[in-house]
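A structural walkthrough
What follows is the residue order along each chain.
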Amino acid sequence: MSKPKQVHKNKYSHWYSNDQTNYIFDLQKSLLSEIQLYKLNDEIKIYKYVKPDLIYLGNTFDLFNSFSEIKVDKSRGLKSALESVCRHDVVMNFQGQNFLYHTYKVLGFIRETLEALRLSKDKKFQKGTIGLYTRHTQTHRSRYRKSIKYAFDSETTSQGAELVKAILHKNMYLNEKLTKHYLSIIALFGVDNFKLFKNGSSESKTLKRTLKMFMSGRVDKEDCANSLLAVLYYYLRFKMRIDSELALSTTKGIVFDIFGVAKKYESSELLKNLYVKEVIGENIIFGFSTKTQSICLSQRARYRNKIIEHQIVDTKKFPMFIIDETFNNPLRLHTLSTPSELLQEIV
């Protein structure tokens, strides 16, 4: 058995040149200098050759809810849907017990969607954020003028925060879709994971609060159901490698159990014209359209050029292929995320 493995290794070992390999390592170093990156907890062992068991499914619900403030009920419908794809899962051992890795991530995506809906209805959270705006363009224009005035007033105690507010209000007025897209990039990495914000200074705290003020929107049950439908279908289909028919029926079953909303979309429609609909407290809600593109190809090219022209993103630390991915397939990056309780910092 060792010989075929050696042949396999020799056949594919030259896919990456030394320059490409060094580039990947240099990229990680660049990201580490700005962002706290994470890896799977060292305590977790992945057993690829251990057969998934329904007992592990129950364990997974129990472990997830022990960590989560938002509980996901082990209802008959949800349990039945997850049982149908159990054989495609991977067993992980954590804290001396076996659990289902992919199922845990699915529960994490459900939690994120439920949290977005909760915060959308939470008046305390929405207070002082753009989620309360009703006439978006006019409000952003007037808020921009107010913030830019304070930003250049020497008596203002938080000139930097006012300048950030002014820039974001201006961009929300000029191009709301693109600005929300930038906020979704920040949300993908997490505001609290930027090392710039971890010095504990008042400026750092103020800047984080300012960014989170713009990470607030309003969504309803229908929006959340559609988002979860797209996220879970993509994850089951392309991460768990489940065939399209089973992935679709399972996803629809989960969404109906969670939100009581029955969806009639075909699999070909779910990932069509994907876009970020809202970012609420760093929870991303996706939208899709079977007819129109939220961001067309010409707009993508223009946005990409603006990123370079105005140095909005440091392309040495955030290479353009990462930015392109957020336009072309935001779910590919989003589904790489893993619930924080299963992670540890990369030192």
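For the structure, see preceding data.
What comes next concerns the included structure. (Residues numbered from 1 in each chain as written. Predicted model: local features only at pLDDT ≥ 70, side-chain atom pairs only at ≥ 80, totals over all residues. Heavy atoms only, no water.)

Turning our attention to the overall build of the chain. The helix and strand inventory of the chain stands at 16 helices and seven strands. Per-residue burial for the chain yields a buried fraction of 45% across its 347 residues. For the chain, the exposed surface amounts to about 19700 Å²; the carbon and sulfur share of it is 51%. (Helix = DSSP H or I, 4+ residues; strand = E, 2+ residues; numbered from the N terminus. Buried < 20%, exposed > 50% of the residue type's maximum accessible area, 1.4 Å probe, protein only. Areas by Shrake-Rupley, 256 points an atom, 1.4 Å probe, with all protein chains shown as cover.)

Before going further, it helps to spend a moment on the packing of helix H5 (residues 101-121) against helix H11 (residues 221-239). At a minimum axis separation of 10 Å, H5 and H11 run at an interaxial angle of 165°. Considered as vectors, H5 and H11 are oriented roughly antiparallel to each other. Two packed elements cross with a definite hand, and for H5 against H11 that hand is right-handed. Of the residues in H11, those touching H5 at Tyr101, His102, Lys105, Val106, Phe109, Ile110, Thr113 and Leu117 are Lys221, Cys224, Leu228, Val231, Leu232, Tyr235, Leu236 and Lys239. Class assignment of the residues belonging to the contact of H5 with H11 gives a composition of 11 nonpolar, two polar and three charged. (Axes fitted to C-alpha atoms, helices over the stretch in contact; angles between N-to-C directions. Parallel < 35°, antiparallel > 145°, perpendicular 65-115°, else oblique. Left-handed = near helix turned anticlockwise from the far one by under 90°. Contact = heavy atoms within 4.5 Å. Nonpolar A, V, L, I, M, F, W, Y, C, P; charged D, E, K, R; others polar.)

Let's shift gears to the environment of Ala151. Inspection of the secondary structure assignment puts Ala151 in helix H7 (residues 136-151). You can call Ala151 buried: its relative accessible area is 8%. Contact partners of Ala151, with chain neighbours within four places excluded, come to Gln159, Glu162 and Leu163.

This part takes up the environment of Leu336. Position of Leu336 among the secondary structure elements: in the loop between helix H16 (330-334) and strand S7 (343-345). On the basis of relative accessible area, Leu336 is assigned to the exposed category, the value being 54%. With 148 residues separating them along the chain, Leu336 and Leu188 place their C-alpha atoms 9.6 Å apart. Look past the residues within four positions of Leu336 in its chain and what remains in contact with it is Lys105 and Lys239.

Right, let's talk about the pattern of salt bridges for a bit. One pass over the full model with this rule turns up 13 salt bridges. The salt bridge involving Lys74 is made with Asp62; its shortest N-O contact spans 4.0 Å. Pair noted here: Lys74 is in the loop between helix H3 (54-67) and helix H4 (76-83) and Asp62 is in helix H3, with a separation of 12 residues, a long-range link. Residue class for Lys74 comes out partly exposed when judged on its relative accessible area of 41%. Judged by its relative accessible area of 48%, Asp62 falls in the partly exposed class. Connected through salt bridges with shared partners, the residues Asp192, Lys208, Lys212 and Glu282 form a single ionic network. (Salt bridge = Lys/Arg side-chain N within 4 Å of Asp/Glu carboxyl O.)

Quick look at the packing of aromatic side chains now. Where two aromatic rings form a pair, the distance of their centres and the angle of their planes describe that pair. One pass over the full model with this rule turns up four aromatic pairs. Relative to Tyr104, the ring of Phe64 has its centre 5.3 Å away and its plane inclined at 70°; by these criteria the two rings are edge-to-face. With Phe64 in helix H3 and Tyr104 in helix H5, the pair connects residues that are 40 residues apart, well separated along the chain. The interplanar angle of 75° and the centroid separation of 5.0 Å between the aromatic rings of Tyr265 and Phe288 together place this pair among those described as edge-to-face. In this pair, Tyr265 is assigned in the loop between helix H12 (244-259) and helix H13 (267-270) and Phe288 in the loop between strand S6 (283-287) and helix H14 (297-309), connecting sequence segments 23 residues apart. On the basis of relative accessibility, which here comes to 25%, the residue Tyr265 falls in the partly exposed class. Above the face of the Phe238 ring, Arg237 is positioned so that its terminal group lies 5.6 Å from the ring centre. (Phe/Tyr/Trp six-rings, centres within 6.5 Å; stacked < 30°, edge-to-face > 60°. Lys NZ or Arg CZ within 6 Å of the ring centre and 35° of its normal.)

Okay, the pairing of S6 next. Burial of S6 is extensive: five of the five residues sit out of reach of the surface. Burial of S6 is two-sided: the residues Asn283, Ile285 and Gly287 facing one way and the residues Ile284 and Phe286 facing the other way are all buried.

Turning our attention to the pairing of strand S5 (residues 275-280). Relative to S6, S5 runs antiparallel, the two sharing five bridges. Its bridge partner lying in S6, Glu278 is registered against Ile285. Between the end of S5 and the start of S6, which pair antiparallel, lie two residues, with Gly281 showing a positive phi angle near 60°. (Pairing = 2+ DSSP bridges.)

The next subject is the nonpolar core. Core analysis: the biggest nonpolar cluster contains 73 residues, and Leu82, Met92, Val106, Ile110, Leu236, Ile254 and Phe259 have the highest contact counts within it. Per element, the largest residue contribution to this core is 11 residues, and it comes from H11. Beyond its immediate chain neighbours, meaning those up to four positions away, Phe259 contacts Thr113, Leu114, Leu117, Lys221, Cys224, Ala225 and Leu228. (Core = buried A, V, L, I, M, F, W, Y, C linked by side-chain atoms within 4.5 Å.)

For the rest of this paragraph, the subject is the packing of H3 against H5. For the pair H3 and H5, the least separation of the axes is 10 Å and the interaxial angle reads 40°. Overall, the two elements H3 and H5 adopt an arrangement that is oblique. Our pair here, H3 against H5, has a crossing hand that is right-handed. In this structure, H3 contributes Leu57, Thr60, Phe61, Leu63, Phe64 and Phe67 to the contact, and H5 contributes Thr103, Tyr104, Leu107, Gly108 and Arg111. Taken together, the residues of the contact of H3 with H5 sort by class into seven nonpolar, three polar and one charged.

Now for unusual backbone geometry. Of note in this structure, Arg241 is not a glycine but carries a positive phi near 60°. One can find Arg241 in the loop between H11 and H12. Given a relative accessible area of 65%, Arg241 falls into the exposed group. Of note, the phi angle at Asn273 is positive, near 55°, even though the residue is not glycine. As for its position among the elements, Asn273 is in the loop between H13 and S5. Its relative accessible area of 15% is what places Asn273 among the buried residues.

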